[in-house]
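Here's the letter readout for the chains.
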Amino acid sequence: MYTFIFRKIYSFFLSKKNHDPVFNASGLVFIMQLIHFFLLVKIFGFKVYAFSSDSVINKLWFYPIGIVWLFLVFKFFNSKKDKLKVETVSVKDIVLNLILWLLIPLIILIQLSK
């Protein structure tokens, strides 16, 4: 699923002559993975370990995890970019994919967090 999304976004950024399409597409895939991860945590009711009772400290502890995760996503897709078939992607297709894989899960996560 994420390779499909990466291929679409990467192809779109290549067609727009973006200065770093691999990193930008990897960043969007990382954000989608993050939203999907927290959605699964919320749906299945997993308890996430808290480092402190202060929420600011907990957020600061998760930054290194997020940076490593982003780096791994970038390295994974950077190694696969030459094998991907670049296709012509319309703006309508990109917007539809972003709504389907990013916006709808985010809205569901926000509604479950209330």
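Refer to the structure printed above.
Since this is a predicted model, take the numbers as computed values, not measurements.

### Some thoughts on the overall build of the protein chain
For the protein chain, the helix and strand inventory stands at 4 helices and 0 strands. In the protein chain, the order of α-helices and β-strands from amino to carboxyl end is α-α-α-α. Referenced to the eigenvectors of the C-alpha coordinate spread, the extents of the protein chain come out at roughly 50 × 25 × 20 Å. For the protein chain, the proportion of its 114 residues judged to be buried stands at 29%. Here the contacts in the protein chain between residues at least 6 apart in sequence split such that 75% fall between residues at least 24 apart. When the accessible area of the protein chain is evaluated, it comes to approximately 8,000 Å², of which 71% is carbon and sulfur surface. Taking the average location of the 14 positive side-chain charges in the protein chain and that of its 5 negative ones, the two points are 5 Å from each other.

### Some words on the packing of helix H1 (residues 2–15) against helix H3 (residues 55–80)
Interaxial distance between H1 and H3 falls to 12 Å at its minimum, and their mutual angle equals 70 degrees. Relative to H3, the element H1 is oriented roughly perpendicular. Note that H1 runs across H3; the crossing there is right-handed. Contact residues: H1 offers Tyr2, Thr3 and Phe6, while H3 offers Phe76, Phe77 and Lys80.

### Considering the nonpolar core
Across soluble globular proteins, nonpolar side chains show a tendency to be buried alongside one another. Residues Phe6, Ile9, Ala25 and Val29 are the most contacted members of the largest nonpolar core, which totals 18 residues. Within the residue set of this core, elements represented by two or more residues are H1, helix H2 (21–44), H3 and helix H4 (91–113). The greatest single-element share of this core, amounting to 6 residues, is contributed by H1. With residues up to four places along the chain from it excluded, the contact list for isoleucine 9 reads Ala25, Leu28, Met32 and Ile94.

### Some words on the side chain of lysine 8
Here lysine 8 is to be found in helix H1. A distance of 3.1 Å separates polar atoms of two side chains, one belonging to lysine 8 and the other to aspartate 93. Apart from the residues lying within four places of it in its own chain, the contact partners of lysine 8 are Glu87, Val89, Asp93, Ile94 and Asn97.

### A few points about H4
In this model H4 runs 31 Å from its N-terminal to its C-terminal C-alpha over 23 residues, within 8% of the 33 Å that 1.5 Å per residue would give. Taken as a whole, H4 carries its principal kink of about 40 degrees at isoleucine 99. For H4, every residue scored as buried is listed here: Ile94, Asn97, Leu102, Pro105 and Leu109. On its buried face, H4 sits against H1 and H2.

### Topic: the layout of surface pockets
Size it by volume and the largest pocket reaches roughly 500 Å³. As for the largest pocket, its lining consists of 17 residues, and the residues nearest its centre are Leu34, Phe38, Asn58, Lys59 and Phe62. With 9 residues, the top contributor of residues to the lining of the largest pocket is H3. The residue makeup of the lining of the largest pocket, split by class, is 13 nonpolar, 3 polar and 1 charged.

Parameters and conventions
- Residues numbered from 1 in each chain as written.
- Predicted model: local features only at pLDDT ≥ 70, side-chain atom pairs only at ≥ 80, totals over all residues.
- Heavy atoms only, no water.
- Helix = DSSP H or I, 4+ residues; strand = E, 2+ residues; numbered from the N terminus.
- Buried < 20%, exposed > 50% of the residue type's maximum accessible area, 1.4 Å probe, protein only.
- Contact = heavy atoms within 4.5 Å.
- Areas by Shrake-Rupley, 256 points an atom, 1.4 Å probe, with all protein chains shown as cover.
- Lys, Arg positive; Asp, Glu negative; His and termini not counted.
- Charge placed at Lys NZ, Arg CZ, Asp CG, Glu CD.
- Axes fitted to C-alpha atoms, helices over the stretch in contact; angles between N-to-C directions.
- Parallel < 35°, antiparallel > 145°, perpendicular 65-115°, else oblique.
- Left-handed = near helix turned anticlockwise from the far one by under 90°.
- Core = buried A, V, L, I, M, F, W, Y, C linked by side-chain atoms within 4.5 Å.
- Polar contact = N/O pair within 3.5 Å; in protein donor to acceptor, adjacent residues only side chain to side chain.
- Expected span 1.5 Å × (residues − 1).
- Bend = angle between axes of the 7 residues up to and from the residue.
- 1 Å grid on protein atoms, 1.4 Å probe; cavity = no way out; pocket = protein on both sides within 12 Å on 5 of 7 lines; lining within 4 Å.
- Points joined across faces, edges and corners; volume = space filled by probe spheres on them.
- Nonpolar A, V, L, I, M, F, W, Y, C, P; charged D, E, K, R; others polar.

Keep in mind these numbers describe shape, not what the thing actually does.
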